[in-house]
Amino acid sequence: MKKGYKQLVEEANAQIKTYSVAEAQAKLADPNVQFVDVRDIRELEREGIIPGAFHAPRGMIEFWVDPDSPYFKPVFGEQKEFILFCAAGWRSALTTKTVQDMGLENVAHIDGGFGAWKAAGAPAAVKESKK
């Protein structure tokens, strides 16, 4: 392997904005901030969610962010700060770097992801299953 996941995550982290849980939590009620959950739907149902976060699975993010895509989601056209997170902060670091490279401005991610968020006692809710 020429470049493993650790190196990819390190390189991404060197080029993106990262918030601590406390810094991100302070922005939770800000109407100019949109939290974006890039985890798989099964993770949301199993682990919970950050109230108000928009779910954008990592496998679709490039298509949902690009206004020229038939899958574009209007939330990404809003003039907000986007704070991405996953379970541990690895996928969100890579995703933040990707959408930043695509031209999405004012984007960051949460160090330690949802795991750190829950461990810090930050607000979380149950995601209801659609079964």
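Rules used in this analysis
Residues numbered from 1 in each chain as written. Predicted model: local features only at pLDDT ≥ 70, side-chain atom pairs only at ≥ 80, totals over all residues. Heavy atoms only, no water. Helix = DSSP H or I, 4+ residues; strand = E, 2+ residues; numbered from the N terminus. Buried < 20%, exposed > 50% of the residue type's maximum accessible area, 1.4 Å probe, protein only. Contact = heavy atoms within 4.5 Å. Lys, Arg positive; Asp, Glu negative; His and termini not counted. Charge placed at Lys NZ, Arg CZ, Asp CG, Glu CD. Polar contact = N/O pair within 3.5 Å; in protein donor to acceptor, adjacent residues only side chain to side chain. Expected span 1.5 Å × (residues − 1).

The protein chain has the name Rhodanese-like domain-containing protein in an unreviewed UniProt entry, where Undibacterium baiyunense is given as its organism.

Colleague: Explain the overall build of the protein chain to me, please; I cannot follow it from the model alone.
Modeller: From N to C terminus, the protein chain includes six helices and five strands. In the protein chain, the order of α-helices and β-strands from amino to carboxyl end is α-β-α-β-α-β-α-β-α-β-α. Its C-alpha atoms give the protein chain principal-axis dimensions of about 35 × 35 × 30 Å. Sorting the 131 residues of the protein chain into buried and exposed places 37% on the buried side. For the protein chain, the proportion of contacts with a sequence separation of at least 24, taken over those separated by at least 6, is 63%. Charged side chains of the protein chain number 17 positive and 18 negative; the gap between the two group centres comes to 5 Å.

Colleague: Can you help me understand the side chain of Asp 37 in this one?
Modeller: Its place among the elements puts Asp 37 in strand 2 (residues 33-37). Among the polar contacts made by the side chain of Asp 37, one reaches the side chain of Arg 39 at a distance of 2.7 Å. Beyond its immediate sequence surroundings of up to four residues, Asp 37 is in contact with Leu 44, Ala 53, Phe 54, His 55, Ala 56, Pro 57 and Phe 85.

Colleague: Teacher, can you tell me more about helix 5 (residues 90-102) here?
Modeller: Because the α-helix completes a turn every 3.6 residues, residues three or four places apart line up on one side. Across its 13 residues, helix 5 extends 19 Å between first and last C-alpha, which sits within 8% of the 18 Å expected from 1.5 Å per residue. Residues of helix 5 that are buried include every one of Ser 92, Ala 93, Leu 94, Thr 95, Thr 96, Lys 97 and Val 99, and no others. Among the structural elements, helix 1 (5-13), helix 4 (61-65), strand 4 (81-85) and strand 5 (107-110) are those in contact with the buried residues of helix 5. Where helix 5 terminates, the next one or two residues include Gly 103, which has phi positive at roughly 115°.

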